[in-house]
Amino acid sequence: MLSGIGPAAHLQSVGIIPKVDLPGVGQNLQDHPFAIVGPFLFEKPISFMPNRDTKMEDAVEYVSKGTGFFSVNPVGASGFISSSLESSGQWADIQVFQYNIGVDRATTYLINQLCGLNDGVLETFFEPHMNTDGNFGAATIGRPKSVGSITLASNNPEDKPVIDPKYYSHPDDITVHVDGIKFLVNLYENTKTFAKYGAKLASNKFPGCEDEIFKSDSYWECLVRQVSTTLYHPSGTCKMGQSYDPMAVVDTHLRVFKVKGLRIADASIMPTITNANLNTPTMVIGEKAADLILDDHINSDYTHHEL
């Protein structure tokens, strides 16, 4: 958009002379909103407690050998389930995660960094459980229906863009996210595996949700809205489509409409976000782009949309 390619009216509104009017640039923003739930408190000391279980020797081991505590991902497990809105049961539309960490000061800092919560919120919530073993769970929406946008704040490249993900603007998304949270609560509190450790969700209410009935759908919705953050999977803002689609930005060869010699090969070309992590699909897009470029140079009679 800063170079003049995008929605003409928006570009003009921030003092940029439009070179190519492509209304779809910056629109169709899709992401996987992420929400954490916990702590699920354990009666046995089996979880990882950063302050308790790490020492200087662990750092030396990791630097010298690449092994030890610092070589382990805190995500102990991840899986895919179907929500109550996925009636066929053939599509996973929720991804869930388990974090094998208990409650201590380091955990508080890490989750604060992850969720961007206001100062003091987690400290207040975790205080009754400080230095207690446990786990945390998290869920993300695999197939969100809410769609956001990215626009320019000004014509100054140093100014941050206006990113509006519009999480939960479609009501189905909050329903799906609550289903994911409820699945995790049931997993920890009502399975034989975690019964061995006396796993129970901390009984104090999350700050901001004190007026809701604990463990009700309205409480889970409140929790999700309080702690949700991005899973860093933005996509769709230069979507692929046919030339008759006014919101399409690239064609099926990843070429930007009306611009010669410009392609896009990243997650922004996805018309619809994948229902899992974007890293591998984006690598595939890059590999496909390389093949398309080679093919086009070998077969030089291809046509393209030019200015």
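Criteria and thresholds
Residues numbered from 1 in each chain as written. Predicted model: local features only at pLDDT ≥ 70, side-chain atom pairs only at ≥ 80, totals over all residues. Heavy atoms only, no water. Helix = DSSP H or I, 4+ residues; strand = E, 2+ residues; numbered from the N terminus. Buried < 20%, exposed > 50% of the residue type's maximum accessible area, 1.4 Å probe, protein only. Contact = heavy atoms within 4.5 Å. Areas by Shrake-Rupley, 256 points an atom, 1.4 Å probe, with all protein chains shown as cover. Lys, Arg positive; Asp, Glu negative; His and termini not counted. Charge placed at Lys NZ, Arg CZ, Asp CG, Glu CD. Core = buried A, V, L, I, M, F, W, Y, C linked by side-chain atoms within 4.5 Å. Salt bridge = Lys/Arg side-chain N within 4 Å of Asp/Glu carboxyl O. Polar contact = N/O pair within 3.5 Å; in protein donor to acceptor, adjacent residues only side chain to side chain. Patch = residues over 30% accessible without salt bridge, like charges linked within 9 Å, V, L, I, M, F, W, Y side chains within 5 Å. pLDDT = per-residue confidence, 0-100. Pairing = 2+ DSSP bridges.

Section: the overall build of the protein chain
Moving on, step 1. Along its length, the protein chain carries nine helices and ten strands.
Moving on, step 2. Counting over 307 residues, the protein chain shows a buried share of 45%.
Moving on, step 3. Taking as baseline every contact in the protein chain between residues at least 6 positions apart, the subset at least 24 positions apart corresponds to 67%.
Moving on, step 4. Here the protein chain has roughly 16,300 Å² of accessible surface; of this, 55% comes from carbon and sulfur atoms.
Moving on, step 5. Here the protein chain carries 23 positive and 35 negative side-chain charges, and the mean point of each set is 3 Å from the other.

Section: the side chain of Thr237
Moving on, step 1. Within the secondary structure, Thr237 is located in the loop between strand S10 (229-230) and helix H9 (279-298).
Moving on, step 2. Look past the residues within four positions of Thr237 in its chain and what remains in contact with it is Gly24, Val25, Gly26, Gln27, Asn28, Leu29, Ile150, Val249 and Ser268.

Points about the nonpolar core
Moving on, step 1. Grouped together as the largest cluster of nonpolar side chains are 47 residues, with contacts concentrated most on Val37, Phe126, Phe136, Phe206 and Trp220.
Moving on, step 2. Among the secondary structure elements, those contributing two or more residues to this core are strand S3 (33-41), strand S5 (94-99), helix H4 (105-115), helix H5 (121-126), strand S6 (134-141), helix H6 (171-189) and helix H8 (217-227).
Moving on, step 3. For this core, the element with the most residues is H6, which contributes seven residues.
Moving on, step 4. In this structure, Val20, Val250, Leu254 and Ala267 belong to the second largest nonpolar core, which totals 26 residues.

Regarding the pattern of salt bridges
Moving on, step 1. One pass over the structure, following the stated rule, counts 13 salt bridges.
Moving on, step 2. Between Lys145 and Asp172 there is a salt bridge, with the nearest N and O atoms lying 2.7 Å from each other. Of this pair, Lys145 sits in the loop between S6 and strand S7 (149-151) while Asp172 is found in helix H6, placing the two residues 27 residues apart along the sequence.
Moving on, step 3. Residue Lys145 is classed as partly exposed on the basis of its relative accessible area, which comes to 46%.

Some words on unusual backbone geometry
Only a minority of non-glycine residues have a phi that is not negative, and only a minority of peptide bonds are not trans.
Moving on, step 1. Omega for the peptide link from Gly38 to Pro39 comes to 0°, which places this bond in the cis form.
Moving on, step 2. In the Ramachandran plot, Lys166 falls in the positive-phi region, its phi being about 55° despite a non-glycine side chain.
Moving on, step 3. Looking at the element boundaries, Lys166 is found in the loop between strand S8 (162-164) and H6.
Moving on, step 4. In this model, Tyr168 sits at a positive phi of 65°, which is unusual for a non-glycine residue.
Moving on, step 5. Structurally, Tyr168 is set in the loop between S8 and H6.
Moving on, step 6. Accessibility expressed as a relative area gives 10% for Tyr168, which makes it buried.

Concerning helix H3 (residues 56-65)
The α-helix advances 3.6 residues per turn, and as a result positions three or four apart in sequence lie on the same side.
Moving on, step 1. In terms of burial, H3 is a largely surface element, one of the ten residues being buried.
Moving on, step 2. Once H3 ends, the next one or two residues include Gly66, with phi positive near 75°.

Regarding the environment of Ser47
Moving on, step 1. One can find Ser47 in the loop between S3 and helix H2 (50-53).
Moving on, step 2. With a relative accessible area of 7%, Ser47 lands in the buried category.
Moving on, step 3. For the pair Ser47 and Pro74, spaced 27 residues apart in sequence, the C-alpha separation works out to 10 Å.
Moving on, step 4. Discounting chain neighbours no more than four positions away, the residues touching Ser47 are Arg52, Asp53, Asn100, Ile101, Gly102, Asp133, Gly134 and Asn135.
Moving on, step 5. A distance of 3.0 Å separates a polar side-chain atom of Ser47 from the backbone nitrogen of Gly134.

Digging into the environment of Met49
Moving on, step 1. Summarising the element assignment, Met49 is placed in the loop between S3 and H2.
Moving on, step 2. Discounting chain neighbours no more than four positions away, the residues touching Met49 are Thr54, Gly102, Val103, Asp104, Asn131, Thr132 and Asp133.

Points about a nonpolar patch on the surface
Moving on, step 1. On the surface, Tyr62, Val63, Phe69 and Phe70 cluster together into a nonpolar patch covering about 420 Å² of accessible area.
Moving on, step 2. Looking at the element boundaries, Tyr62 is found in helix H3.

Examining the confidence of the model for the protein chain
Moving on, step 1. The predicted model of the protein chain averages 93 in pLDDT, with 97% of residues at 70 or higher.
Moving on, step 2. In the model of the protein chain, H2 stands out as the element of lowest mean pLDDT, 84, in contrast to S7, which has the highest, 98.

Remarks on the pairing of S6
Moving on, step 1. Within S6, eight of the eight residues are buried, which leaves it mostly tucked inside the rest of the structure.
Moving on, step 2. Burial of S6 is two-sided: the residues Gly134, Phe136, Ala138 and Thr140 facing one way and the residues Asn135, Gly137, Ala139 and Ile141 facing the other way are all buried.
Moving on, step 3. In this structure, S3 lies alongside S6, joined through six bridges in antiparallel fashion. Across the sheet, Ala35 pairs through a bridge with Ala139, a residue of S6.
Moving on, step 4. Bridge count for S5 against S6 is six bridges, and the pairing is antiparallel. Each residue of the ladder has a partner; that of Val96, found in S6, is Ala139.

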